[in-house]
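Here's the letter readout for the chains.
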Amino acid sequence: MPEVSPDDFRGALASWASGVTVVTTKLDNLVYGITVSSFASLSVDPLLITVSLADSNHLPGMIKKSRQFAVSILAAGQQDVSAYFARSGRDPQPEFETPVKARPWHTGSPIIEGAIAHLDCELEQAIQGGDHTIAVGRVVGAAFDVSKQPLVYFRRAYRSVSEVSHGG
Ligand SMILES: Cc1cc2nc3c(=O)[nH]c(=O)nc-3n(C[C@H](O)[C@H](O)[C@H](O)COP(=O)(O)O)c2cc1C
């Protein structure tokens, strides 16, 4: 089997267009969150979703202790929020800094104001996947805003959705 080069691996994965989420939790009165595109729906009965979180940052360890997390699906125009939560070297703190506005939801995890949708989750399972933790969340709150468009990430750049017309 030929070896896969890191460039080919990254290039192939960058070809996957995705939405952009911010995954957050609260532990001991400190909040933390990171930008996450590895969000997926998993099950309808029970209601489950997954996110894959690098073990190199604070979030997986905090979620394993708090047993809860929230997913905010970002809206078009929230690139500054995505950039804030993608910045390296941040530590958990009592609240997020400007420009982020957040408020606690059912579980106490903060949700991001202005997002297109929110999911509040209790941790169902944490599965090791290489250097990431796959957090399986049982959904205990869900809300969405049909008036907003999503933020899209493709080939390392933020994009917006353009309408596709169906011929025929
Ligand atoms: C669009 C986008 C998607 C991302 N998706 C993920 C992801 O799915 N899982 C993850 O662990 N990190 C993801 N990241 C990176 C984290 O947001 C980033 O590493 C983290 O905020 C910084 O943590 P650090 O202090 O450990 O470097 C993504 C970043 C961007 C810009």
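That block above? That's the structure.
Residues numbered from 1 in each chain as written. Predicted model: local features only at pLDDT ≥ 70, side-chain atom pairs only at ≥ 80, totals over all residues. Heavy atoms only, no water.

*Asks:* So, the pattern of salt bridges: which residues are in play, and what are the values?
*Replies:* All told, the structure shown has four salt bridges when counted by the stated rule. The shortest N-O distance in the salt bridge between R138 and E124 comes to 3.0 Å. Pair noted here: R138 is in strand β10 (residues 132-144) and E124 is in strand β9 (residues 117-129), with a separation of 14 residues, a long-range link. We classify E124 as partly exposed; its relative accessible area is 34%. Here K148 makes a salt bridge to D145, at a shortest N to O gap of 3.0 Å. Residue class for K148 comes out partly exposed when judged on its relative accessible area of 28%. On the basis of relative accessibility, which here comes to 26%, the residue D145 falls in the partly exposed class. (Salt bridge = Lys/Arg side-chain N within 4 Å of Asp/Glu carboxyl O. Helix = DSSP H or I, 4+ residues; strand = E, 2+ residues; numbered from the N terminus. Buried < 20%, exposed > 50% of the residue type's maximum accessible area, 1.4 Å probe, protein only.)

*Asks:* I'd like to hear about the environment of G130, residue by residue, with values.
*Replies:* With respect to the helices and strands, G130 occurs in the loop between β9 and β10. On the basis of relative accessible area, G130 is assigned to the exposed category, the value being 65%. For the pair G130 and A54, spaced 76 residues apart in sequence, the C-alpha separation works out to 9.2 Å.

*Asks:* I'd like a rundown of the pairing of strand β6 (residues 68-73), residues and numbers included.
*Replies:* Among the six residues that make up β6, five are buried, leaving the element largely enclosed by the rest of the structure. Here strand β2 (residues 21-27) pairs with β6 via four bridges, running antiparallel. Considered in β6, the bridge of T24 is made with A70. Bridge count for β6 against β9 is six bridges, and the pairing is antiparallel. Residue pairing across strands places S72 opposite H118, the latter belonging to β9. (Pairing = 2+ DSSP bridges.)

*Asks:* Requested: an account of the sheet that holds strand β11 (residues 151-154), with residues and values cited.
*Replies:* Taken together, three strands build an open sheet; the order of strands is β1-β11-β12 and the sheet is antiparallel. If you trace the sheet from one side to the other, it starts and ends with β1 (18-19) and β12 (157-160), each paired once. As paired elements, β11 and β12 share four bridges and run antiparallel to each other. Considered in β12, the bridge of Y153 is made with Y158.

*Asks:* Residue-level account of unusual backbone geometry, with values.
*Replies:* Of note, the amide linkage connecting D45 to P46 takes the cis form, showing an omega dihedral of 10 degrees. For the bond running from T98 to P99, omega is 15 degrees, close enough to zero to count as cis. Note that P99 resides in the loop between α3 (79-86) and β7 (102-104). Positive phi, close to 65 degrees, is recorded for N29, a residue that is not glycine. Here N29 is to be found in the loop between β2 and β3 (30-36). For R156, which is not a glycine, the phi torsion comes out positive at approximately 60 degrees. Mapped onto the secondary structure, R156 falls in the loop between β11 and β12. Exposure remark for R156: the relative accessible area of 56% places this residue in the exposed category.

So, to be careful, I would describe these as geometric facts and stop short of saying anything about function.
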